[in-house]
Amino acid sequence: MAGMSKDQSVIPIERIAASIYLIRGEKVMLDSDLAELYGVETGALVRAMKRNIERFPDDFSFQLTKEEFENLKCQIGISSQWGGRRTPPYAFTEHGALMLSSVLRSARAVEISISVVRTFTRLREMLALHKDVARKIEEHDRQIANLYAHVERLLTPATNKKNPIGYIWDKEHTNKE
């Protein structure tokens, strides 16, 4: 691990990123996904968290409501058959996931926490890049709309309400003999 470069990690960033959900406006990972990454049972992970609850304030972790859990099950296809989970999972923010490594106290937990932090950092970078690109596209769209408005104005013939100079012959109003 000491010789590991920034791009190398124990778990691929894509695998961790696929386990990050947006719940209550926070990017979080579920206890079951973190337990799998840390190589422990979900129950053991939750017990370790509860034994050290003072390390997990509400902005580090929270338990989903039944409604949030049902909504999440529909979104990601968690089985609701007997033998499945009976209580809503705990969700951990980046800081909560990092704090788990200190309460689990294993070499793997330290390695995983580094991978998790790198993934959250990469997601923030990608989000910032997307915001910048979206802002540039929005500005480009405004400029294009402005250009179209000017072109349309130039191509629309001016309507003069003045009488034209000269004689206009109108067949309908001529005397028929």
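Look up: the structure comes first, before these words.
A. Local environment of the overall build of the protein. Broken down by element type, the protein carries 6 helices and 4 strands. Walking the protein from its N terminus toward its C terminus, one meets helices and strands in the order α-β-β-α-α-β-α-β-α-α. Split into buried and exposed, the 177 residues of the protein put 27% on the buried side. Partitioning the contacts of the protein with sequence separation of at least 6, the portion at a separation of at least 24 is 72%.

B. Fine view of a nonpolar patch on the surface. Taken together, the side chains of Ile 144, Leu 147, Tyr 148, Val 151 and Leu 155 present a nonpolar region at the surface, about 520 Å² in accessible area. Judged by its relative accessible area of 67%, Leu 155 is exposed.

C. Structural context of the sheet that holds strand β4 (residues 90–92). Spatial ordering of the open sheet is given by β1-β2-β4-β3, a layout of 4 strands whose pairing is antiparallel. Edge positions in the sheet fall to β1 (20–23) and β3 (61–63), since each of these pairs with one other strand and no more. Taken pair by pair, the neighbouring strands of this sheet meet at an average axis angle of 45°, ignoring direction. Note that β3 and β4 share 3 bridges and pair antiparallel. Within β4, the position partnered with Gln 63 by the bridge is Tyr 90. Of the strands in this sheet, β1, β2 (26–30) and β4 touch helix α2 (residues 31–38), which is tilted by about 60° from β2.

D. Structural view of helix α4 (residues 66–76). Those residues of α4 that fall on the buried side of the exposure criterion are Phe 69, Leu 72 and Lys 73. Looking down the long axis of α4, one finds its buried residues gathered within 105° of arc, a one-sided arrangement. Residues of α4 that are exposed and point more than 90 degrees away from the buried face comprise Glu 67, Cys 74 and Gln 75. Lining the buried residues of α4 we find β1 and β2.

Thresholds applied
Residues numbered from 1 in each chain as written. Predicted model: local features only at pLDDT ≥ 70, side-chain atom pairs only at ≥ 80, totals over all residues. Heavy atoms only, no water. Helix = DSSP H or I, 4+ residues; strand = E, 2+ residues; numbered from the N terminus. Buried < 20%, exposed > 50% of the residue type's maximum accessible area, 1.4 Å probe, protein only. Contact = heavy atoms within 4.5 Å. Patch = residues over 30% accessible without salt bridge, like charges linked within 9 Å, V, L, I, M, F, W, Y side chains within 5 Å. Areas by Shrake-Rupley, 256 points an atom, 1.4 Å probe, with all protein chains shown as cover. Salt bridge = Lys/Arg side-chain N within 4 Å of Asp/Glu carboxyl O. Pairing = 2+ DSSP bridges. Axes fitted to C-alpha atoms, helices over the stretch in contact; angles between N-to-C directions. Arc of directions from axis to C-beta.

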